[in-house]
Number of protein chains: 4
Amino acid sequence: MERRIVVEKLEQTPKEDQQIELVERKAIGHPDSIADGLSETVSRSLSRMYMEKYGKILHHNTDETQIVGGQAHAEFGGGLVLEPIYILLVGRAVTRVGNDRLPYRTVALGAARKYLQKNFASLDVEVDVSLDCRISQGSEDLRGLYETSEDLSNDTSFGVGYAPYSETERIVLDTANYINGQLKAEFPAFGEDVKVMGARDTDDINLTIAVAMVDRHVADADEYQNLVSTMKEKAHDFATKYTDRNINVYVNTADDPSKDLYYLTVTGLSMENGDDGSVGRGNRSNGLITPGRPMSMEASAGKNPVTHVGKLYNLLSTRIANDIIEGTGGDIKEAYVRLLSQIGSPVSHPFVADAQLIPAPGVDVNKYNSDVTAIFEDHLDNIARLKNDILADKVTVF
Amino acid sequence: MERRIVVEKLEQTPKEDQQIELVERKAIGHPDSIADGLSETVSRSLSRMYMEKYGKILHHNTDETQIVGGQAHAEFGGGLVLEPIYILLVGRAVTRVGNDRLPYRTVALGAARKYLQKNFASLDVEVDVSLDCRISQGSEDLRGLYETSEDLSNDTSFGVGYAPYSETERIVLDTANYINGQLKAEFPAFGEDVKVMGARDTDDINLTIAVAMVDRHVADADEYQNLVSTMKEKAHDFATKYTDRNINVYVNTADDPSKDLYYLTVTGLSMENGDDGSVGRGNRSNGLITPGRPMSMEASAGKNPVTHVGKLYNLLSTRIANDIIEGTGGDIKEAYVRLLSQIGSPVSHPFVADAQLIPAPGVDVNKYNSDVTAIFEDHLDNIARLKNDILADKVTVF
Amino acid sequence: MERRIVVEKLEQTPKEDQQIELVERKAIGHPDSIADGLSETVSRSLSRMYMEKYGKILHHNTDETQIVGGQAHAEFGGGLVLEPIYILLVGRAVTRVGNDRLPYRTVALGAARKYLQKNFASLDVEVDVSLDCRISQGSEDLRGLYETSEDLSNDTSFGVGYAPYSETERIVLDTANYINGQLKAEFPAFGEDVKVMGARDTDDINLTIAVAMVDRHVADADEYQNLVSTMKEKAHDFATKYTDRNINVYVNTADDPSKDLYYLTVTGLSMENGDDGSVGRGNRSNGLITPGRPMSMEASAGKNPVTHVGKLYNLLSTRIANDIIEGTGGDIKEAYVRLLSQIGSPVSHPFVADAQLIPAPGVDVNKYNSDVTAIFEDHLDNIARLKNDILADKVTVF
Amino acid sequence: MERRIVVEKLEQTPKEDQQIELVERKAIGHPDSIADGLSETVSRSLSRMYMEKYGKILHHNTDETQIVGGQAHAEFGGGLVLEPIYILLVGRAVTRVGNDRLPYRTVALGAARKYLQKNFASLDVEVDVSLDCRISQGSEDLRGLYETSEDLSNDTSFGVGYAPYSETERIVLDTANYINGQLKAEFPAFGEDVKVMGARDTDDINLTIAVAMVDRHVADADEYQNLVSTMKEKAHDFATKYTDRNINVYVNTADDPSKDLYYLTVTGLSMENGDDGSVGRGNRSNGLITPGRPMSMEASAGKNPVTHVGKLYNLLSTRIANDIIEGTGGDIKEAYVRLLSQIGSPVSHPFVADAQLIPAPGVDVNKYNSDVTAIFEDHLDNIARLKNDILADKVTVF
């Protein structure tokens, strides 16, 4: 079956030359990211269970998790969670094969609990969280679709990707990860719930950072202010290495010391006190929210990595775009890739496969037509690579 | 307080001249749209309750609703829902004012039930749905923010909008609404769960339509096939009026009569049988999913219309873009608008306000600088208009 | 298979001659009775569904329903329910027969909703109640047990019964039903949540009645007091017809007008405001709580009427006791009957079947041995009669 | 305020002389007992929290817990829990004092989880259980009642108690505890879910024991049969020490090796596979279900130990009865005690307080009138002792 792959030139001001650029990352402890993380970890655990027992991944989609925020009373020196966070795991899975009934819910619950314990240092999962699970059997028709020899798209939907990251994008992504990683290790007062908003105005990059402080590690308002200053400096120094532009950092701008208003939490997570979260509301599969870039609304987290084009095509588009940039030695400034499926057709054969390329001045896009086509063919022929990388935890999806 | 409003020229191939264009609409009965609709109706009902009692809208955000699909057995002539759909309303609200305790949960539940009854003709809300509510009191700090004289942004987030719709966008949007409206009235067999995917390839517009058929109105496979043909013709005729391009319509492409596989439902809604749904996963506030356009990840549905920039700025950006197009008599081909808030600052004063304009050939964008700025100022000065239009049900948000 | 039936004389002061006697009835609107009523109506609806489809009642037990009280603000003239009552239906049922999947949850939900609508005049089921259902498939072993040709006991448990009612018991039972029935019809202000506690001290019968008033039907404290007086008079007049003893009636004794403390409700049901309820916590299968009589802890409500001895044996014991009293023309003053099953044995063959008889003075119990044995045999041989009467709604179980 | 205390002679065949006697104990791992245990541990934890912060126990009732059984697949050598058990904690508590908001839900959840971990050796609480909590604020009126200087009854209800245990009662109680304790320690294959049904027929005491075996500790059917034989012998030897009567022991009578039907579980608890449980459905406060004895339907577990007569009066009645028996040197064979409250009156002043005494032959009950009255007065005057003993974990309630 031949594929129709379109390569077109895009006339567009490249990102770096646009005056205003907005980029956001919700770090790992943001309620929406927690929902993403839980959905994905549940899907991977189910996938591994199916692989172990049956040598293939059976149908499932666990791409819905609802987090209902708790109630907490934070205070300098250490406060209390008053009402636990309620987390509902939702989704569909094969629950029975022949006479075998599968431990789909206990596997899901165990994976979710482990994920929370591993990632959130100040959350006492045993008392701060109530975990519930309404994952159940999927529609029989959809499951029927699944058991064919070739993997067929489970839906009519599309994925999009692009490369490379702009400078501001790279800064926002890396800064958020730096705060969650190295800075968190050094300063236990910084919670995992961090949001970095980057707004570039020509050559000023403004980073607005919200970071939930962990109350037991902050003695008083003075120490809090010191931590805010530390965060400003550290983030500024970190970001400055990436750019010649001017970096301005704002931290916890809703604080108001005159009203004793600080971004203080017991667990380092705003979901402890009324912040709800759900899947697919935050970062796209490349880790960012980029309103000036093509985005898909499909949540990648929690979808099965075999037939769910909403997951596969987003990740694959980004891989294809990256390969295009890498393979064209500076001749292509930006690559935008789109893949559209049609329900019931093989995932390896999209209904539409398309690259939009912004060339460097003087470059004729046409000269790369066959190279770009080859990159598409390679990724689509070997779409199973992506599944394997996901199972090997080599791929992040939010 | 002066505002910084940026107007810049955007070099970009206009939408209509790009080769490939993808546009999707999840109609009113899609699980994600149902979640959106419930969240928004709950927010409006709470807003009205607050207005009635206190003359202003008090803090709330009900922008999370989790739909857990049921189980159903559809069959020609009429089947059965076996396990009800479980719907969990989530969110935050002011639950008490002084000694007044407010009926926030019964108002929410009542509004949600009424919405389902009104919009979904074949759903027996009394037995097919289990409605639960975990809306509770918000964080006290956030509520503190709220009670100031001027409305302050509740978050650092952005909204984006553009105008005008492309031809394909207009066709997708109107066709979906045509199916939900006029066609549904004429053919009760067409359920409300409809998805229209438009993929334009140069001058071919391919519409892939999935429509859940209501089993009691379909006697057998022959009648089903007739209905599919009817849908194809009607949609084709309808769309053709909008364009000189070639329209191809595909309907329920996952059907496989050889395996007795049809898109048949008891209620006209796929959530009856394992399809889950949540808020903010579907259409953006302009009714579409458009990966080739700037999009915000913020759900508009369910957010309060006073301080929640994630709602206000998306709607406002689109209004501003529309006004720009209307006010420039063809000189501007496309307008892209972005508004970014900073938590704690007045909603009427965005941190960034920016228009990117694609001019018609030969037009100098600068000549419209002051006109565009005036449009921004007008909408920001009168941001309360938007709130009032929402309460008057003059605005759709998904 | 022969049965071992024991008939023994009991030396005991007959009830009427004891000095102190305590008897209680929780009327139909008490939270525990509502839980009972819902469980039983669900069981009967499932039984009818199974009968219709398969000609026999398949395994189920829906004898657990949890009512989580709401929050309400009652006030003279009419108040509001603020947070809905949450009701969770729990239990086990056959959910699938061969390839037939059964609508067990929608049947349960529909039956429950209908029951609430029919029985509680001031409850707006649509907004005051959130109904959820976690009924699911039973243990496979238990279901295995069930599908044999003869009905085998599903548990080792016992039932007890006695006859006749004492005077105080009859008064408590009938007065509660009179208030729920005739009085409620005449005075809509009387809610269905009524508790009648009878305490007889020699020849004084004290009836302490708690009745939830429906606020919209009570203009003010004066009208409330009039209603209390009315209740006192009506109940007194009603009870007096049954006895020569002295009747004292106390109504809503926790009221304290000096603190504006009244038993006022929006719905006539205390579950609207924090009173929880569950199955098997209230009346025994004869409609009463009688600490001075043998009682079984087995909830009768919601148990299947085929194999569940916890239901069958309680009802059967009472029928046997009644027949003994009727068949012995005054020679036996009181009859106490016990039936004990052993799991896995036929329900028609109890492990222990025993009658304890208090004879009238001068009567030799032995002369009735064979009559009493015959009554046992008849009821056990024809145990299916009981099932049929339950399905025909001729039997109350709480 | 003087108390009216009635002492009366009861003419009745003493228990030991009756021909048939039925006695049951649901051991600690029975679903109903687990519900009781959770409710009580939650109440005690809340009580301690209130004591610590405010020096007194504030209003709460957590006497409702719903256990929804999971799904499991047991097999010799070790099986799997497939779907977790869902446990819903329900109740009312003071959630806020002035501006202090209390961690009532996290305290409850923590206490519940700890209880499960401590008591059930083969239950993996992290993955086999989903714990949810809907405890919330009580009715304001009831809380008003509570904050007076003297503790007032929260309800019109009664408690009953008796002494001494009959031989069969003592055997059933101690055998169940022996299995849960010493035998469990020796044989890890015996689960905590044990039910002992004692049926005495003159001088034969039949003990029917159901014990859930833990699959990972049972290699095959042979080992299972050996364990059943061991249980029979051990229980027989244990019980024989208590009596000269004949002891017959039956174990797991529903087993059917010809159908591979065994009472095998993964966790030692039948709630893993479809057995639901709730509070107040099992043992009375003296640890037994005794249909031939006066019983109260009030659940003792989970009720607050200050104003809830449904708890206090059951425990107190038993203490009073024990003191009567101990204080009368064999002259009184059996003592039955009843206490009835009236809502709004002090708990120390019951509306009815009554002892029924079965004297030894030739003993005049009247000679003990003043002694018995004094015992009542002592226990009622010092009712706070009971509360303190409960908080010190010196009292069992089921």
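Residues numbered from 1 in each chain as written. Chains lettered and ligands numbered in written order. Predicted model: local features only at pLDDT ≥ 70, side-chain atom pairs only at ≥ 80, totals over all residues. Heavy atoms only, no water.

Undergrad: How would you summarise the packing of aromatic side chains if you had to cite specific residues and measurements?
TA: Taken as a whole and assessed by the stated rule, the structure comprises 36 aromatic pairs over all chains. Where Y178 of chain B meets F238 of chain B, the ring centres are 4.2 Å apart and the plane angle is 10°; that geometry is what we call stacked. You can see Y178 of chain B sitting in helix α5 (residues 167-186) and its partner F238 of chain B sitting in helix α6 (residues 221-240), a full 60 residues away along the chain. Since its relative accessible area comes to 14%, F238 of chain B is described here as buried. Put simply, the rings of F76, Y224 and Y262 of chain A pair up and form one aromatic cluster. Positioned over the ring face of Y86 of chain D is R134 of chain C, at 3.5 Å from the centre of the ring. (Phe/Tyr/Trp six-rings, centres within 6.5 Å; stacked < 30°, edge-to-face > 60°. Helix = DSSP H or I, 4+ residues; strand = E, 2+ residues; numbered from the N terminus. Buried < 20%, exposed > 50% of the residue type's maximum accessible area, 1.4 Å probe, protein only. Lys NZ or Arg CZ within 6 Å of the ring centre and 35° of its normal.)

Undergrad: Any details on the relation of the copies chain A and chain D? Residues and values, ideally.
TA: Superposition of chain A onto chain D requires a rotation of 180° combined with a translation of 0.0 Å along the rotation axis, giving an RMSD of 0.0 Å. Expressed as an axis order, the relation between the two copies is that of a two-fold axis. When the interface residues of chain A are mapped onto chain D, 100% of them again fall at the interface, so both copies present the same face. (Least-squares fit on C-alpha atoms with pLDDT ≥ 70 in both. Contact = heavy atoms within 4.5 Å.)

Undergrad: How would you sum up the interface of chain A and chain D? Please name residues and give values.
TA: Every contact between the two is made by 26 residues of chain A and, on the other side, 26 residues of chain D. When chain A packs against chain D, close to 2,300 Å² is buried across both sides, 49% of that on carbon and sulfur atoms. Counting the surface chain A buries against chain D, the share from its top three residues, L82, R101 and E126 of chain A, is 27%. For the pair chain A and chain D, the number of links is two salt bridges. One salt bridge in this structure joins R105 of chain A and E83 of chain D, with 3.2 Å as the shortest N-O distance. Our count for the chain A to chain D interface comes out at 19 residue pairs in polar contact (both at pLDDT 80 or more). Mapped by element, the contributors of at least two residues to the side of chain A that touches chain D are β4 (71-73), β5 (80-83), α2 (104-119), α3 (125-128) and β9 (129-133) of chain A. Counting residues per element, the side of chain A that touches chain D draws most heavily on α2 of chain A, at seven residues. The class makeup of the residues in the side of chain A that touches chain D is 13 nonpolar, five polar and eight charged. (Buried area = accessible area lost by both parts, 1.4 Å probe. Salt bridge = Lys/Arg side-chain N within 4 Å of Asp/Glu carboxyl O. Polar contact = N/O pair within 3.5 Å; in protein donor to acceptor, adjacent residues only side chain to side chain. Nonpolar A, V, L, I, M, F, W, Y, C, P; charged D, E, K, R; others polar.)

Undergrad: Account for the confidence of the model for chain A, naming residues and giving values.
TA: Predicted coordinates in areas of low pLDDT are best not read in detail. Residue and element names in this part refer to chain A. When pLDDT is averaged across chain A, the result is 94; 97% of the residues are at 70 or more. Predicted confidence is poor over residues 140-148, with pLDDT under 50, and the contacts of this stretch with residues over four places away or in other chains come to 20 contacts. Both scores are given for the predicted complex: the pTM is 0.95, the ipTM 0.93. (pLDDT = per-residue confidence, 0-100.)

Undergrad: Would you mind going over the sheet that holds strand β17 (residues 332-340) of chain A in detail, with residue names and values included?
TA: All names here are of chain A. Taken in spatial order, the four strands of this open sheet run β1-β18-β17-β11, and their pairing is mixed. Edge positions in the sheet fall to β1 (5-9) and β11 (158-163), since each has one partner strand and no second. Taken over all neighbouring pairs, the strand axes of this sheet differ in orientation by 15° on average, direction set aside. Where β11 lies against β17, six bridges are found, and the strand directions are antiparallel. What sits directly across from V160, in β17, is R338. In this fold helix α8 (residues 369-381) packs onto β1, β17 and β18 (352-359), with an angle of close to 135° to the strand it touches most, β1. (Pairing = 2+ DSSP bridges. Axes fitted to C-alpha atoms, helices over the stretch in contact; angles between N-to-C directions.)

Undergrad: Break down helix α2 (residues 104-119) of chain C for me, with residues and values.
TA: Helical geometry note: an α-helix holds 3.6 residues per turn, so side chains three or four residues apart project in the same direction. Between its first and last C-alpha, α2 of chain C extends 23 Å over 16 residues, near the 22 Å set by a 1.5 Å rise per residue. Turning to α2 of chain C, its buried residues number three or more, namely Y104, R105, T106, A108, L109, G110, A111, A112, R113, Y115 and L116 of chain C. (Expected span 1.5 Å × (residues − 1).)

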